[in-house]
Amino acid sequence: MRIGILTGGGDCPGLNSVIRAVVRKSHLEGFETIGIKNGWKGLIEGDSEVLDLRSVSGILPKGGTILGTSRTNPYKKPEDLQKLKDNYKNLGFSALIVVGGEDTLGVAAQLFKEGLNVVGVPKTIDNDLSGTDYTFGFDTAINIATECIDRLHTTAESHNRIMVVEVMGRKAGWIATEAGIAGGADIILIPEIPIDIEEVCNLINKRHKRGKNFSIVVVAEGAEFKQGTKLIEILQESKLDEFGHVRLGGIGDCLAKEIEKRTGFETRVSVLGHIQRGGTPTAFDRILGTRFGVKAVELVKDKKFGQMVSLQGNKIASVSIEVAVKALKTVDMDLYEIAKVFFG
Ligand code: F6P
């Protein structure tokens with residue numbers, strides 16, 4: 001049996017753990033693994049390589065993906081979709097393991113409906129995929145963000161400043177909430193709850209009145225101000241990617257200006273950006289990626305196509321890819337309530 005594997009969308013730490021696990025488990029089962037380069041782009045172009053034990057040796061601690069990735073959407077052009085299907089056939093695949101987030105797996109769900117044997121593996125630092133308690137990459141991202149918040153604490157305190165920390169996460173505030181709790185943030189702002197700038201400033205003022213002369217405000221890149229908020233500076237419009245998502249960013253800057261203007265406290269902003277996605281994965285992400293990779297090959301072996309591997313509690317299970325990509329998994333409000341205990 002010949003299994004293809006591709007990694008699509010934004011890279012994240014732990015992708016190589018999945019690739020290694022797929023190759024190693026396939027080898028044990030007597031299956032051949034073919035790596036597709038650069039996500040769906042590589043399947044459209046027929047860009048692939050044989051993955052053997054040597055190809056995956058030493059890659060476990062490496063960030064990124066040895067296969068490369070892209071945000072290519074094969075449903076954008078009918079001719080691309082046809083090329084992709086032809087290549088799937090010509091490469092002689094019995095199945096294709098697709099490692100990706102909402103967009104990449106959305107394509108996989110569609111291709112499954114059109115007759116391709118696909119199995120999904122949930123990847124994203126944003127942790128916003130339904131059907132799984134965690135995606136790999138998230139744990140590394142929150143560890144990096146937490147370390148950054150720790151570092152920002154000492155400089156904020158020395159200078160008596162407000163420090164606004166902008167983190168990633170798209171339209172879900174998981175990174176902000178969890179890194180914010182772990183880093184002891186004084187306020188955490190997420191896309192799930194529109195920002196009430198007056199409340200933010202009241203919290204900061206209250207904190208300063210009780211003798212604290214610095215504050216850490218963590219804001220998720222996708223957070224928005226409450227409707228009707230009068231801002232000094234309007235957020236800039238950004239370009240769309242092939243899946244129609246706006247390139248986010250800029251909220252931190254805007255928020256910092258508002259806070260400084262309204263409270264009079266000196267404020268700085270730190271945008272963590274792609275630092276959150278780079279470098280070596282945590283042990284948790286290496287283990288989760290490994291478990292996902294092994295399970296993905298088992299699903300292929302059992303011909304359970306159209307399924308995505310998932311973490312449920314501490315067990316590895318599977319769910320339909322279609323269900324997993326239907327709705328975004330937003331922040332658990334019970335968790336956010338815990339974060340709020342420490343605000344101000
Ligand atoms: O989905 C992962 C993610 O890192 C988001 O948190 C972020 O909005 C986006 O990707 C950034 O994308 P790019 O790498 O294309 O700038």
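These remarks concern the structure in this document. These numbers come from a predicted model, not from an experiment.

Let us now look at the environment of Lys-230. For Lys-230, the position within the fold is in the loop between strand S8 (215-220) and helix H8 (251-263). Overall, Lys-230 belongs to the exposed group, its relative accessible area being 72%. Here Lys-230 is in contact with Glu-258 and Arg-262, once residues within four sequence places are set aside.

A word on the site of the ligand. Neighbouring residues of the ligand: Arg-71, Ile-125, Asp-126, Met-168, Gly-169, Arg-170, Glu-221, His-274 and Arg-277. Measuring from an oxygen atom of the ligand, one finds a side-chain N or O atom of Arg-71 at 2.8 Å. Here an oxygen atom of the ligand sits 2.5 Å away from a polar atom, N or O, in the side chain of Glu-221. Contact with the protein chains removes 80% of the 400 Å² of surface that the ligand exposes when unbound. The residue makeup of the shell around the ligand, split by class, is two nonpolar, two polar and five charged. Among the domains, domain 1 (2-136 + 281-324) and domain 2 (140-278) are the pair contributing at least three residues each to the shell around the ligand.

Let us look at the environment of Arg-20. Looking at the secondary structure, you find Arg-20 in helix H1 (residues 15-29). Between the alpha carbons of Arg-20 and Gly-293 there is a distance of 7.7 Å; along the sequence they are 273 residues apart. Setting aside its immediate chain neighbours within four residues, Arg-20 contacts Val-56, Ile-59 and Leu-60.

This brings us to the packing of helix H5 (residues 138-159) against helix H6 (residues 174-183). Two numbers describe how H5 lies on H6: the axes approach to 8 Å, and their chain directions differ by 50°. One finds that H5 runs oblique with respect to H6. Pair H5 / H6 crosses with right-handed handedness. Every residue of H6 that contacts H5 at Phe-138, Ala-141, Ile-142, Ala-145, Thr-146, Ile-149, Asp-150 and His-153 is listed here: Trp-174, Ile-175, Glu-178, Ala-179, Gly-180, Ala-182 and Gly-183.

The end-to-end C-alpha distance of helix H4 (residues 102-113), which contains 12 residues, comes to 16 Å, matching closely the 16 Å that a straight helix rising 1.5 Å per residue would cover. Within the span of H4, buried status applies to Asp-103, Thr-104, Leu-105, Val-107, Ala-108, Ala-109 and Leu-111. Trailing H4 by a residue or two, Gly-115 shows a phi angle of about 105°, which is positive.

With that settled, the discussion passes to the packing of aromatic side chains. How two aromatic rings sit relative to each other is set out by the distance from centre to centre and by the angle between their planes. One pass over the full model with this rule turns up five aromatic pairs. Plain terms: the ring middles of Phe-136 and Phe-292 are 6.4 Å apart, the flat faces sit at 65° to each other, and that makes the pair edge-to-face. With a gap of 156 residues between them, Phe-136 in the loop between strand S5 (118-122) and H5 and Phe-292 in helix H9 (residues 283-301) connect regions that are remote in the sequence. When sorted by exposure, Phe-136 lands in the same class as Phe-292, which is buried. Residues Tyr-336 and Phe-343 carry aromatic rings whose centres are separated by 5.9 Å and whose planes lie at 80° to one another, so their mutual orientation is edge-to-face.

Here we come to the side chain of Asn-16. Position of Asn-16 relative to the elements: it lies in helix H1. For Asn-16, a relative accessible area of 1% gives the class buried. Once you skip the residues sitting within four places of it in the chain, Asn-16 turns out to touch Ile-59, Lys-62, Gly-63, Gly-64, Thr-65 and Ile-66.

Taken in spatial order, the seven strands line up as S3-S2-S1-S4-S5-S10-S11 in an open sheet, and their pairing is mixed. Here the strands that pair on one side only, and so sit at the sheet edges, are strand S3 (48-51) and strand S11 (315-320). Shown here is a sheet whose adjacent strand axes are inclined to one another by a mean of 30°, direction ignored. Bridge analysis of S5 against strand S10 (residues 307-312) gives two bridges, and the strand direction is parallel. Along S10, the bridge assignment pairs Gly-120 with Met-308. Packed on one face of the sheet, H9 meets strand S1 (2-7), strand S4 (95-100), S5, S10 and S11 and runs near 140° to S10.

About the cut-offs
- Residues numbered from 1 in each chain as written.
- Predicted model: local features only at pLDDT ≥ 70, side-chain atom pairs only at ≥ 80, totals over all residues.
- Heavy atoms only, no water.
- Helix = DSSP H or I, 4+ residues; strand = E, 2+ residues; numbered from the N terminus.
- Buried < 20%, exposed > 50% of the residue type's maximum accessible area, 1.4 Å probe, protein only.
- Contact = heavy atoms within 4.5 Å.
- Near = heavy atom within 4 Å.
- Polar contact = N/O pair within 3.5 Å; in protein donor to acceptor, adjacent residues only side chain to side chain.
- Areas by Shrake-Rupley, 256 points an atom, 1.4 Å probe, with all protein chains shown as cover.
- Nonpolar A, V, L, I, M, F, W, Y, C, P; charged D, E, K, R; others polar.
- Domains from an automatic or database assignment.
- Axes fitted to C-alpha atoms, helices over the stretch in contact; angles between N-to-C directions.
- Parallel < 35°, antiparallel > 145°, perpendicular 65-115°, else oblique.
- Left-handed = near helix turned anticlockwise from the far one by under 90°.
- Expected span 1.5 Å × (residues − 1).
- Phe/Tyr/Trp six-rings, centres within 6.5 Å; stacked < 30°, edge-to-face > 60°.
- Pairing = 2+ DSSP bridges.

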